[in-house]
Amino acid sequence: MNHNPGIGATNDLSLRVSVATLVRVLFENPSNGERMLALERKATLHESESGRVVEVKSQPFGGALRIRDLKMMRDFIGDFNFDSERSRSEQDFRIFIRPSDWSVVREFCIQHLSRVDDPILETDPGRELAEEFADALRINLKPDQYIHKPIATVVEDDPAPTENIHAKGILTVRVYRIFEAYVSDSYLSHTMRMNSESLSHQDLCELALKDSQNNGKGKANAILALPLKRISDVYLAMSPEERNAPILFERNRLEETVPAVLEGFIVPKYQRL
């Protein structure tokens, strides 16, 4: 068995697996007490044949979980490669495996993600939440500003192309650990609401362009705060199959992972465990 994971797909290691958190971030609107859903709103500059295009999409907070012990994981699931140099340097659970090993890897993830302080896998959303709040709000999120709890594990068994820039278009199966994080800090709730209301779609596009002009990656992040009941009513009016794809809501593109973190909604492509 190879104990030094490489990078990229091979003839044998051809199925990409992504394991990540999705976090349903909730807070109360300080002005009226209405419960709000906070999403990560991301603007990304792309080069295309027709010129430069900025894509803006909104999705639940969260990101790749990290592998804490590479050797122990290899002992359980067999050989694997990371999907990119970045994933290897961060030890992100974005890997290539043998397609025949998917059932073993799937079961391994389900078991270990349900454990607190697992020695092999990161199982807490705190690190990713802090990183993404820093990107969106330029603040240092503290653990005492929110209360979080695990909700469910979700599996996407049918390989689908990834939009990850380090592996774009590669067919990927996925495991998500879903959490709820309730923001209890009133000042942070106010900051989140103001960020959402003060940055328009056009503002975010211009920030991404400015980032590129300043030798950045052409990205800009913000928060999109939506009344929880209103967005729940939108998904309630849709068929389960319609929830399998992104939707436009008040000019905002909401990814299909949004209904996956809400209570009581079936999204057929995701098996909720």
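Higher on the page you've got the structure.
Below: a short report on this structure. This one's a predicted model, so the numbers in the text were calculated from it and none came from an experiment. (Residues numbered from 1 in each chain as written. Predicted model: local features only at pLDDT ≥ 70, side-chain atom pairs only at ≥ 80, totals over all residues. Heavy atoms only, no water.)

Concerning the overall build of the protein
Per the secondary structure count, the protein includes eight helices and 11 strands. C-alpha extents for the protein along the principal axes are approximately 60 × 45 × 40 Å. Taking all 273 residues of the protein together, the buried fraction comes to 52%. In the protein, the share of contacts with a sequence separation of at least 24, taken over all contacts with a separation of at least 6, comes to 69%. For the protein, the accessible area works out to roughly 13100 Å², and carbon and sulfur atoms hold 49% of it. (Helix = DSSP H or I, 4+ residues; strand = E, 2+ residues; numbered from the N terminus. Buried < 20%, exposed > 50% of the residue type's maximum accessible area, 1.4 Å probe, protein only. Contact = heavy atoms within 4.5 Å. Areas by Shrake-Rupley, 256 points an atom, 1.4 Å probe, with all protein chains shown as cover.)

Quick word on the environment of R174
Assignment of secondary structure puts R174 in strand β7 (residues 171–183). Along the primary structure R174 and N29 are separated by 145 residues, whereas in three dimensions their C-alpha atoms are 33 Å apart. For R174, the side chain forms a polar contact with the main-chain oxygen of P161, separated by 3.3 Å. (Polar contact = N/O pair within 3.5 Å; in protein donor to acceptor, adjacent residues only side chain to side chain.)

As for the pairing of strand β1 (residues 15–28)
The element β1 is largely enclosed, with a buried count of 13 among its 14 residues. Summarising the sheet, β1 and strand β5 (residues 94–97) pair through four bridges and their orientation is antiparallel. Paired with V17 across the bridge in β5 is I95. Pairing of β1 with β7, which is carried by 11 bridges, proceeds in the parallel orientation. Opposite L26, over in β7, you have Y182 as the bridge partner. Pairing geometry for β1 and strand β2 (residues 35–48), over four bridges, is antiparallel. Across the sheet, V25 pairs through a bridge with A38, a residue of β2. Taken together, β1 and the strand that follows it, β2, pair antiparallel across an intervening segment of six residues, in which G33 is found at a positive phi of about 80°. (Pairing = 2+ DSSP bridges.)

These figures capture arrangement, not role.
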